[in-house]
Amino acid sequence: MKSNDKDAILKTIPQKGFFGHPKGLSTLFFTEFWERFSYYGMRAILLFYMYYEVSKGGLGIDQTTANSIMAIYGSLVYMSGIIGGWIADRILGTARTVFYGGVLIMLGHVILALPLGAPALFASMAFIIIGTGLLKPNVGGMVGDLYSKTDPRRDSGFSIYYMGINMGAFISPYIVGTLGEEVNFHLGFGFAAVGMFIGLVVYVITRKKYLGLAGSYVPNPLKREEKGRMATIIILALLVLGIIGWIGVSGGWLTVDRVIFFISILGVIIPAVYFIFMFRSPKTTKDEKSRLLAYIPLFVAAMMFWAIQEQGSTILATYANERTNLNFMGIELHASWFQSLNPLFIIIFAPIFAGLWTKLGDKQPTVSQKFSFGLIFAGLSFIVMMFPAYFNGTESLVSPLWLVLSFFLVVMGELLLSPVGLSASTKLAPAAFAAQMMSLWNLSNSSAQAINAQVVRFYTADTEVMYFGVIGGIAIVLGIILFMFSPKLKEFMKGIK
């Protein structure tokens, strides 16, 4: 059997048994459920851990710098998907790459659970960044492997999978967040490690039975002569980075702010290089090149969307902690709990959207039209955050309902854009770059957060109204432009719906 024999692979996968979808979807559903439990639980308290005073169990980092670190951390998590996609495509295949990624993520959370200060923080970040890069894009790619490109269940399947991700993200802030804020940050991080361990157990036990041969083949394996050359390049690159880091830290010129700025630049350059590499590859056919051109506006739209959505864990998290009345109707809220709003709304509305796309069939809006509506909703989610400060100033605490409304609006946009973007990435991908196309999709988030690392520095009490208004307005304008060009993009997709 050839590694690219899609029909033969599909025959090894039980095609029904999980809400009318392939049984393998349940394996990937629960694996990502626990991986997201660990990641979003950790993220719900990480910002507070960084900028809380040492006397309160934190690290005492400047609040603005902590927001930038959070953004650049998120950027690197998604940027590392390049490594994961390449390893899956060229060395291990997606199934094994997912497993090794989960192991590294778990180790990262274990390190963060140890009370060893800033060194443990940055060491854990390195493990989680690499581990998520190995796991996240490849799990999404394996969901695509469960369906043929013409299977009408495909978009619905991605929506169900996306709901699983968000069920884990919904629960974790209440468990990890509460433990972190009320008891001890490190205890919260420890529970995040337990979540990833459970995800690994689920994956190992059910993989062979439900996923068949999906993800077991290497689609574009390294040739013998390439292996030695790549090993040499990797070793030299690590040595150079190590030397630069040692000299920079010793000399005092390699500061956190400079590293953040450098990564922000990489966040823009890397996806551009990625597009050019795939487009110019002799392995990419003429029709595939046309589809890549259609993908570029979708990528830019996704960047703008994630630039707003991801500020839920930075600017809006800070807003929840500093600007929001946490005593609501006699209930004492925790700032970390607001991180559950996004996944909660997705859990509620994802089945509705999945059913809607299935019912509409060929009559549903095009991919680019869904993206345009998603952008408009994202813009509105920031526009509404102008009003509390505009009417009441920034001195008084505001009702938590403003944050609830903002998260609700951005989730409406997310359900129009994110699962559809995952599905479109697998359908528009050149055959030789299947897993790497998922990495490229994740780069839209990485690039957005890399830019956010600089943008969040402009947020202050004095600039609050303008900050939310300008960013929200740009998103709405881009959404309208994308809608106008939707018919042209459909032509460039060469029959892919």
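Residues numbered from 1 in each chain as written. Predicted model: local features only at pLDDT ≥ 70, side-chain atom pairs only at ≥ 80, totals over all residues. Heavy atoms only, no water.

### Some remarks on helix H12 (residues 315–322)
So, step 1. Across the eight residues of H12, seven count as buried, placing the element largely inside the fold.
So, step 2. Considered for burial, the residues of H12 that qualify are Ile315, Leu316, Ala317, Thr318, Tyr319, Ala320 and Asn321.
So, step 3. In this structure, the buried residues of H12 make contact with helix H2 (24–51), helix H3 (63–79), helix H15 (387–392), helix H16 (401–428) and helix H18 (464–484). (Buried < 20%, exposed > 50% of the residue type's maximum accessible area, 1.4 Å probe, protein only. Helix = DSSP H or I, 4+ residues; strand = E, 2+ residues; numbered from the N terminus. Contact = heavy atoms within 4.5 Å.)

### Comments concerning unusual backbone geometry
Trans is the prevailing form of peptide bonds, just as negative phi is the prevailing case for residues other than glycine.
So, step 1. Even without being a glycine, Met329 presents a positive backbone phi close to 55°.
So, step 2. Judged by relative accessible area, which is 70%, Met329 ranks as exposed.

### Digging into helix H5 (residues 94–112)
So, step 1. End to end, H5 covers 27 Å across 19 residues, agreeing with the expected 27 Å (1.5 Å per residue, within 8%).
So, step 2. For H5, the full list of buried residues reads Thr94, Ala95, Thr97, Val98, Gly101, Gly102, Ile105, Met106, Gly108, His109 and Leu112. (Expected span 1.5 Å × (residues − 1).)

### A closer look at the packing of aromatic side chains
So, step 1. Enumeration according to the criterion identifies 28 aromatic pairs in this entry.
So, step 2. Each ring, one from Phe382 and one from Phe468, has its centre 5.0 Å from the other, and the planes form 90°; the classification is edge-to-face. Here Phe468 lies in helix H18 and Phe382 lies in helix H14 (residues 367–383), a separation of 86 residues in the sequence. This pair shows no difference in class: Phe382 is buried, exactly as Phe468 is.
So, step 3. Centre to centre, the rings of Tyr467 and Phe468 are 5.8 Å apart; their planes meet at 85°, and the pair counts as edge-to-face.
So, step 4. Look at Tyr467 and you get buried, because its relative accessible area is 6%.
So, step 5. These aromatic residues form a ring-pair network of at least three members: Phe48, Tyr49, Tyr51, Tyr52, Phe185 and Phe189. (Phe/Tyr/Trp six-rings, centres within 6.5 Å; stacked < 30°, edge-to-face > 60°.)

### A look at empty space enclosed by the protein
So, step 1. In the structure shown here, the tally under the stated rule is three cavities of 30 Å³ or more.
So, step 2. Estimated volume of the largest cavity: approximately 370 Å³.
So, step 3. If you trace the largest cavity, you find 29 residues lining it, with Tyr40, Tyr78, Tyr162, Trp306 and Glu414 closest to the centre.
So, step 4. Among the secondary structure elements, those contributing two or more residues to the lining of the largest cavity are H2, helix H6 (117–145), helix H7 (154–183), helix H11 (286–309), helix H13 (341–360), H16 and helix H17 (434–455).
So, step 5. Across the lining of the largest cavity, the residue classes break down as 13 nonpolar, eleven polar and five charged.
So, step 6. Its volume calculated, the second largest cavity comes out at about 40 Å³.
So, step 7. Along its surface, the second largest cavity is lined by Ile308, Gln309, Gly312, Leu316, Ser381, Phe382, Ser406, Phe407 and Val410.
So, step 8. Elements with a contribution of two residues or more to the lining of the second largest cavity: H11, H14 and H16.
So, step 9. Counting residues per element, the lining of the second largest cavity draws most heavily on H16, which supplies three residues. (1 Å grid on protein atoms, 1.4 Å probe; cavity = no way out; pocket = protein on both sides within 12 Å on 5 of 7 lines; lining within 4 Å. Points joined across faces, edges and corners; volume = space filled by probe spheres on them. Nonpolar A, V, L, I, M, F, W, Y, C, P; charged D, E, K, R; others polar.)

### Topic: the confidence of the model for the protein chain
So, step 1. Summary statistics for the protein chain give a mean pLDDT of 85 and a share of 94% for residues scoring 70 or more.
So, step 2. Between the elements of the protein chain, mean pLDDT differs from a low of 63, seen in helix H1 (residues 6–10), to a high of 94, seen in H18. (pLDDT = per-residue confidence, 0-100.)

### Focus on a nonpolar patch on the surface
So, step 1. There is a patch of nonpolar side chains on the surface, built from Met466, Val470, Ile474, Val477, Leu478, Ile480, Ile481, Met484 and Phe485 and spanning about 860 Å² of accessible area.
So, step 2. Following the sequence through the fold, Val470 ends up in helix H18. (Patch = residues over 30% accessible without salt bridge, like charges linked within 9 Å, V, L, I, M, F, W, Y side chains within 5 Å. Areas by Shrake-Rupley, 256 points an atom, 1.4 Å probe, with all protein chains shown as cover. Salt bridge = Lys/Arg side-chain N within 4 Å of Asp/Glu carboxyl O.)

### Some words on the packing of H12 against H16
Any two packed helices are characterised by the angle at which their axes cross and by the distance between the axes.
So, step 1. Contact geometry of H12 with H16 gives a least axis separation of 11 Å together with a crossing angle of 165°. When the interaxial angle is binned, H12 and H16 end up roughly antiparallel. H12 and H16 meet at a crossing whose hand is left-handed. Where H12 approaches H16, its residues Leu316, Tyr319 and Ala320 are matched on the opposing element by Leu403, Ser406 and Phe407.
So, step 2. Considering only residue class, the contact of H12 with H16 consists of five nonpolar, one polar and no charged. (Axes fitted to C-alpha atoms, helices over the stretch in contact; angles between N-to-C directions. Parallel < 35°, antiparallel > 145°, perpendicular 65-115°, else oblique. Left-handed = near helix turned anticlockwise from the far one by under 90°.)

### Comments concerning the layout of surface pockets
So, step 1. Estimated volume of the largest pocket: approximately 2,400 Å³.
So, step 2. In terms of lining residues, the largest pocket is bounded by 50 residues, among which Leu76, Ile83, Leu238, Leu241 and Leu266 are the most central.
So, step 3. Of all the secondary-structure elements, those providing two or more residues to the lining of the largest pocket are H3, helix H4 (81–92), H6, helix H9 (224–251) and helix H10 (256–280).
So, step 4. Within the lining of the largest pocket, the residues separate by chemical class into 38 nonpolar, six polar and six charged.

### Description of the side chain of Asn452
So, step 1. As for its position among the elements, Asn452 is in helix H17.
So, step 2. Reaching out from Asn452, the side chain makes a polar contact with the side chain of Gln311 at a distance of 3.4 Å.
So, step 3. Sequence-distant contacts of Asn452, defined by excluding residues within four places in its chain, comprise Ala71, Trp306, Ala307, Glu310 and Gln311. (Polar contact = N/O pair within 3.5 Å; in protein donor to acceptor, adjacent residues only side chain to side chain.)

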